[in-house]
Amino acid sequence: MMPLTMLGSGETASIKRVGGQNEVRKFLESLGFVTGEEVKIVSVNGGNIIVQVKESRVAVSKGIANKIMV
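These notes cover the structure that comes with them. This structure is a prediction, so every number in the text was calculated from the model and none was measured.

Our next topic: the overall build of the protein. Helix and strand content of the protein: 2 helices and 6 strands. Seen in sequence order, the protein has helices and strands lined up from the N terminus as β-β-α-β-β-β-α-β. In terms of C-alpha radius of gyration, the protein reaches 11 Å, essentially the compact-globule figure of 11 Å for 70 residues. In the protein, buried positions account for 30% of the 70 residues.

Here is the structure:
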């Protein structure tokens, strides 16, 4: 298991765990970051990571991405 930030552009992985405080977890779950869901790194741009989860693309900061374990 490793944080989402360890994946490179174009790589896909399955979410194993979503960490962080309760509000952060609920926010990420509302965006589709739930255990078992596939995520794909679209691009890494400075401090943000653009990921595809479900049918949408979402930009998250590296700090938030470190809380998503794949």
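Picking up where we left off.
Moving on, we come to the pairing of strand β3 (residues 38-45). A regular strand places its side chains so that they alternate between the two faces of the sheet. Of the pairings in the sheet, the one linking strand β1 (residues 12-14) to β3 comprises 3 bridges and is antiparallel in character. Considered in β3, the bridge of A13 is made with V39. Pairing geometry for β3 and strand β4 (residues 48-53), over 6 bridges, is antiparallel. Counterpart to V39 in the pairing with β4 is V53. Counted along the chain from β3 to the antiparallel partner β4, the turn is 2 residues long, and its residue G46 has a positive phi close to 60 degrees.

Before going further, it helps to spend a moment on unusual backbone geometry. With the exception of glycine, most residues fall at negative phi, and the peptide bonds are largely trans. Although it is not a glycine, K54 sits at a positive phi angle of roughly 55 degrees. Following the sequence through the fold, K54 ends up in the loop between β4 and β5 (56-61). Here K54 falls in the partly exposed class, since its relative accessible area comes to 48%.

A word on the nonpolar core. Judged by nonpolar contacts, the single largest core of 17 residues is most densely connected at L4, F33, V39 and V51. Taken together, the elements giving at least two residues each to this core come down to β3, β4 and β5. Here the element with the most residues in this core is β4; it accounts for 3 residues.

Moving on, we get to the sheet that holds β3. Strand order in the open sheet made by the 4 strands is β1-β3-β4-β5, with antiparallel pairing throughout. At either margin of the open sheet sits one strand with a lone partner, and together these are β1 and β5. When the angles between neighbouring strand axes are averaged without regard to direction, this sheet yields 35 degrees. In this structure, β4 lies alongside β5, joined through 6 bridges in antiparallel fashion. If you follow N48 over to β5, its bridge partner there is S61.

Basis of the calculations
- Residues numbered from 1 in each chain as written.
- Predicted model: local features only at pLDDT ≥ 70, side-chain atom pairs only at ≥ 80, totals over all residues.
- Heavy atoms only, no water.
- Helix = DSSP H or I, 4+ residues; strand = E, 2+ residues; numbered from the N terminus.
- Rg over C-alpha atoms; globule rule 2.2 N^0.38 Å.
- Buried < 20%, exposed > 50% of the residue type's maximum accessible area, 1.4 Å probe, protein only.
- Pairing = 2+ DSSP bridges.
- Core = buried A, V, L, I, M, F, W, Y, C linked by side-chain atoms within 4.5 Å.
- Axes fitted to C-alpha atoms, helices over the stretch in contact; angles between N-to-C directions.

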